[in-house]
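Okay, here's what each chain looks like letter by letter:
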Amino acid sequence: MKKLLLLTTFAAALTSSAAIIHAADQPAYPEGYRTWTHIKSMTLHKGHPLENPFMGIHHIYGNELAVRGTQSGQFDEGAVLVFDLFESKTTDNASTEGDRVLVGIMVKDSSRYTETGGWGFEGFKGNSRTERLVNDGGQSCFACHASEKDSDYVFSRWRD
């Protein structure tokens, strides 16, 4: 009986440790990102290959390191890019933001995110700062970003 209790306790501890390690690897919500530099905006419409799940108005923000990286095409450790996605509402021949769909982030940390090109990926649902959308360690995000290897896996380019 003692062995069973000991094994059960050990298994629970391992599971808890794995959850803590996994949580530590997840990028944090980017507090204050709307005061960072706005890099670009775009809208994806019905029929675009990424319509599901990214149809809507995209605003891309970057911290200072991300802005320099966007300009050069190579990003330093600590660069953070934020993808703020809103529904697109069109009335009277004008498109405006609807509800926020998600806040997506990329964090450059080559030692933590070796399997995803040195970038950590995360998404937060709607206006939540805690409801996470990425559950595969960023592999699905990276699969799309892999096409942008020459610009350090980032789609956004600096426009003068």
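Residues numbered from 1 in each chain as written. Predicted model: local features only at pLDDT ≥ 70, side-chain atom pairs only at ≥ 80, totals over all residues. Heavy atoms only, no water.

S.K.: How should the overall build of the chain be read in this particular structure?
M.R.: For the chain, the count of helices and strands is 4 helices and 5 strands. Expressed as a percentage of its 160 residues, the buried residues of the chain come to 37%. Long-range pairs, those at least 24 residues apart, make up 48% of the contacts in the chain with a sequence separation of at least 6. Accessible area of the chain: about 10,100 Å², with a carbon and sulfur share of 56%. (Helix = DSSP H or I, 4+ residues; strand = E, 2+ residues; numbered from the N terminus. Buried < 20%, exposed > 50% of the residue type's maximum accessible area, 1.4 Å probe, protein only. Contact = heavy atoms within 4.5 Å. Areas by Shrake-Rupley, 256 points an atom, 1.4 Å probe, with all protein chains shown as cover.)

S.K.: What should I look at first to understand the packing of aromatic side chains in this one?
M.R.: The tally for this structure, following the rule as stated, stands at 6 aromatic pairs. Ring pairs connect the aromatic residues Tyr29, Tyr33, Tyr61 and Phe124, which therefore count as one cluster. (Phe/Tyr/Trp six-rings, centres within 6.5 Å; stacked < 30°, edge-to-face > 60°.)

S.K.: I would appreciate a short explanation of the side chain of Ser151 in the present structure.
M.R.: Secondary-structure assignment places Ser151 in the segment after helix 4 (139–145). Residue classification places Ser151 among the buried positions, given a relative accessible area of 8%. Side-chain polar atoms of Ser151 contact the backbone oxygen of Val154, separated by 2.7 Å. Polar contacts involving the side chain of Ser151 include one to the side chain of Arg157, which spans 3.2 Å. If sequence neighbours within four positions are ignored, Ser151 has contacts with Gly73, Phe75 and Arg157. (Polar contact = N/O pair within 3.5 Å; in protein donor to acceptor, adjacent residues only side chain to side chain.)

S.K.: Would you explain the nonpolar core in this entry?
M.R.: Across soluble globular proteins, you tend to see nonpolar side chains buried next to one another. Phe75, Leu81, Met106, Trp119 and Val154 are the most contacted members of the largest nonpolar core, which has 15 residues in total. Taken together, the elements giving at least two residues each to this core come down to strand 3 (80–91), strand 4 (94–108) and strand 5 (119–125). Of all the elements, strand 3 adds the most residues to this core, at 3 residues. Not counting residues within four places of it along the chain, the set of residues in contact with Met106 comprises Ala79, Val80, Leu81, Trp119, Gly120, Phe121, His145, Tyr153 and Val154. Formed by 9 residues, the second largest nonpolar core is a distinct cluster that contains Tyr33, Tyr61, Val82 and Val103. (Core = buried A, V, L, I, M, F, W, Y, C linked by side-chain atoms within 4.5 Å.)

S.K.: Which parts of the structure should I look at to understand the environment of Arg132?
M.R.: Among the structural elements, Arg132 can be located in the loop between strand 5 and helix 4. As a C-alpha pair, Arg132 and Pro27 span 105 residues in sequence and 10.0 Å in three-dimensional space. What Arg132 contacts, discounting residues up to four positions off in sequence, is Gln26, Pro27, Ala28, Glu122, Gly123 and Phe124. Only 2.8 Å separates the side chain of Arg132 from the backbone oxygen of Pro27, close enough to count as a polar contact. Polar contacts involving the side chain of Arg132 include one to the side chain of Glu122, which spans 2.9 Å.

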